[in-house]
Structures are given as structure tokens and as C-alpha cells.
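# Residue-level structural notes
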Amino acid sequence: MRTTLRKLPLGLVALTATSALLLTACTDASQTGTDGSTAGSDETSSAPSFDPSTVEVDDAAAALLPDDVASAGTLVVASNTEYAPAEFIDADGTTPIGFDIDVIKAVGATLGLDVDVQSADFPAIIPALGTKYDAGISSFTITEERMKEANMISFLNAGSAYAVAAGNPDDVDPASLCGLTVAVQTGTIQDEDIAVQSQACTDAGEEKIDILQYESQSDATTNVAGGKAQVLYADSPVIGYAVEQTGGQLEQLGDVFDSAPQGVVVAKDDTELAAAIQAALQSLMDSGQLEEILGAWGSGDAALDTAEINPSVG
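Below is a short write-up of the structure. (Residues numbered from 1 in each chain as written. Predicted model: local features only at pLDDT ≥ 70, side-chain atom pairs only at ≥ 80, totals over all residues. Heavy atoms only, no water.)

## Observations regarding helix α8 (residues 217-225)
Three or four residues apart is the spacing at which side chains of an α-helix point the same way, because the helix has 3.6 residues per turn. Extensive coverage of α8 is indicated by the burial of 9 of its 9 residues. Buried residues of α8: Gln 217, Ser 218, Asp 219, Ala 220, Thr 221, Thr 222, Asn 223, Val 224 and Ala 225, and no others. One or two steps after α8, the chain reaches Gly 227, where phi turns positive at roughly 95°. (Buried < 20%, exposed > 50% of the residue type's maximum accessible area, 1.4 Å probe, protein only. Helix = DSSP H or I, 4+ residues; strand = E, 2+ residues; numbered from the N terminus.)

## Overview of the packing of helix α4 (residues 99-110) against helix α10 (residues 271-287)
Closest axis-to-axis distance for the α4/α10 pair is 9 Å, and the angle between their directions is 105°. The pairing of α4 with α10 is recorded here as roughly perpendicular in orientation. Contacts between α4 and α10 involve Val 103, Ala 106, Val 107 and Thr 110 from the former and Ile 277, Ala 280, Leu 281, Ser 283 and Leu 284 from the latter. Of the residues assigned to the contact of α4 with α10, the class counts are 7 nonpolar, 2 polar and no charged. (Axes fitted to C-alpha atoms, helices over the stretch in contact; angles between N-to-C directions. Parallel < 35°, antiparallel > 145°, perpendicular 65-115°, else oblique. Contact = heavy atoms within 4.5 Å. Nonpolar A, V, L, I, M, F, W, Y, C, P; charged D, E, K, R; others polar.)

## Observations concerning the state of the cysteines
With the rule as written, the count across this model stands at 1 disulfide. There is a disulfide in this structure between Cys 178 and Cys 201, and the S-S distance comes to 2.0 Å. The S-S bond linking Cys 178 to Cys 201 shows a torsion near -85°; that makes this disulfide left-handed. In this pair, Cys 178 sits in the loop between β6 (150-165) and β7 (181-185) while Cys 201 sits in helix α7 (residues 189-203), placing the two residues 23 residues apart along the sequence. Its relative accessible area of 5% is what places Cys 201 among the buried residues. (Disulfide = S-S within 2.5 Å.)

## Concerning the pairing of strand β8 (residues 210-214)
Taken together, the 5 bridges between β7 and β8 define a ladder with parallel strand orientation. Note on β8: the bridge partner recorded for Val 182 is Ile 211. (Pairing = 2+ DSSP bridges.)

## Some words on the sheet that holds β7
If you trace the 8 strands from one edge of the open sheet to the other, you get β4-β1-β5-β10-β6-β9-β7-β8, paired in mixed fashion. Both edges of this open sheet fall to β4 (114-119) and β8, since each of them pairs with a single strand only. Here the strands of the sheet are splayed against their neighbours by 25° on average, with no regard to which way each runs. Sheet topology places strand β5 (residues 135-141) next to strand β10 (residues 250-267); 4 bridges connect them, and they run antiparallel. Opposite Gly 136, over in β10, you have Val 265 as the bridge partner.

What follows is the structure, encoded as C-alpha cells:
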């Protein structure tokens, strides 16, 4: 789950040959690390194949589009494509894929629009809505703070989870990470929360948590699999994907917790586009296609039944 304060300026760790092999164990889909290396960069991708042409246009939803977007015929969408399996770059090195990407393509098809997904730094997405981008989709957790800056349309629910080396050799207790080394992607909800946890440790007279922050989620995963960090802390779909990517070198620790809705973001004053996207998402929910799209990535249970603009959270 990603926060409004997420920053991605760090270029930290070059993948070693050993850790790169860990990440290529079970999939051919790629995710680019900060050094340009990819996790699973074979010539072909094993990622689920989604065809937007299978989605029918919903005329009622399309009628809600603002004139400028309707006349352009293309929805320009920003995504920080470094967060597999939600959004990342395919093995060809250029094509954005992931369940968020498939969802927004289906939204476009429902509205009779082409979709142009452009990779962007996470903190740059919301400020550029309505000018450079029509919308953003990038594992945006819906928060009160973010809804002050943009309209958010909910479509899935995700939580947080931990992963450790298989067998939990350090006997990590998920109830307390004090004194341990934890890897997170910079600017995520988990990045903020682990800092709070660390402060609680020192307030209680225990050792602080050694927090390792990475620009790319693949770098965070690699450094837990390689032994530099003891715990990986991320969204629950990301943890499941990390376990698969490392060929079982990692395992989930404990249960999923702190579930919250995620959504598409649109400029705060662009109420027409927000309404159109809401209607499109609801159409996909009603038809069962949203669950099918998410299910292809192992996240079908995360699909919501109702798309809401700026839903109540807290």
C-alpha cells in the first residue's frame, strides 16, 4: 500500500549474481531493479495475457466522460511500474504489465478509449493529474490525506504482510521486529509504519529496527532473499509474488493485516472523469470481469463489489 508521501530517489543496491538467480527461479516476468537488472528477464513473459478487446463498451459510462477525454480517444495514465505484481515492466523491457495495468486497460475499453500507460515516479503522479496525466493507477491506498489532493475510486482491497527466509531461521516473531533488519520500498505505507514501529521499540527501551529502504520492490525482495535483511514488509499481493519469484526462498510470516481499499486517482476538480471511471469499474465488477482480471494474478479475492469515489476510510 503506497502513501502520498512516497519518494523514490534512492539508487542503492546492485544485484549480485546469486540473488538475481533467486529472483528468476519461478517466473519469466520481469521487474527492473535500480541498477537496470531485471527479475526474470527471459525472452518471453509468463505474465497473464489480457485482451482489452474482450471488454464491451458501456455506453452509459462512456457518456459521463468529459469532452476533452472523449474527443482525444485515449486515457493517459501514470503508473510507477516498479511494484510487481501490480505494475511492472515485462521481459521486453518496455511494456507495462500487472493487475493494475490490466484493470485500467479494461476501464479504458469499457469507456471506448485506448489507454496510454506512462511510467512515472510515484510522488510525481498526483501533482500532474489533470495536466500531464488523466489518471493514475499505482497501488494507491485510499487515505483521508490523499483524498484531499485527488479523487480516488476504489476497486480492490489489500493488506500488509511480512516475509522472511524459508523456515524462519532467525525465529522472527511478527509481534515484535525490534532489533531486526527490515526491507521496505521507499514511501509505502509499510515504510511509514516501520518507522513508527521502530520508535515504539526505542520508547520501550528495546533496540531500534534497522530499516533498509529501496527504490524498487525487487531490490527489497532481493536483499531479503540474499540475507542482507531479515524481514520483507510490503502489500500482501507483493509478498505472495515475492515468495513465488524467489522459488520458495522466502515465506510469508503470519497473517495479512491492516487491509484497506486501493483505487484509481483523478484530479480533484475532474469530477466528470472520476464519475466515468467509477461507472466503468462498477460495470467490470457487475460483469465479473474485474475479479477475473485480478484472479489471473492470484488476487481475485481482493476485488470489491462496489466502486466508490472517495469512500469513507478510517
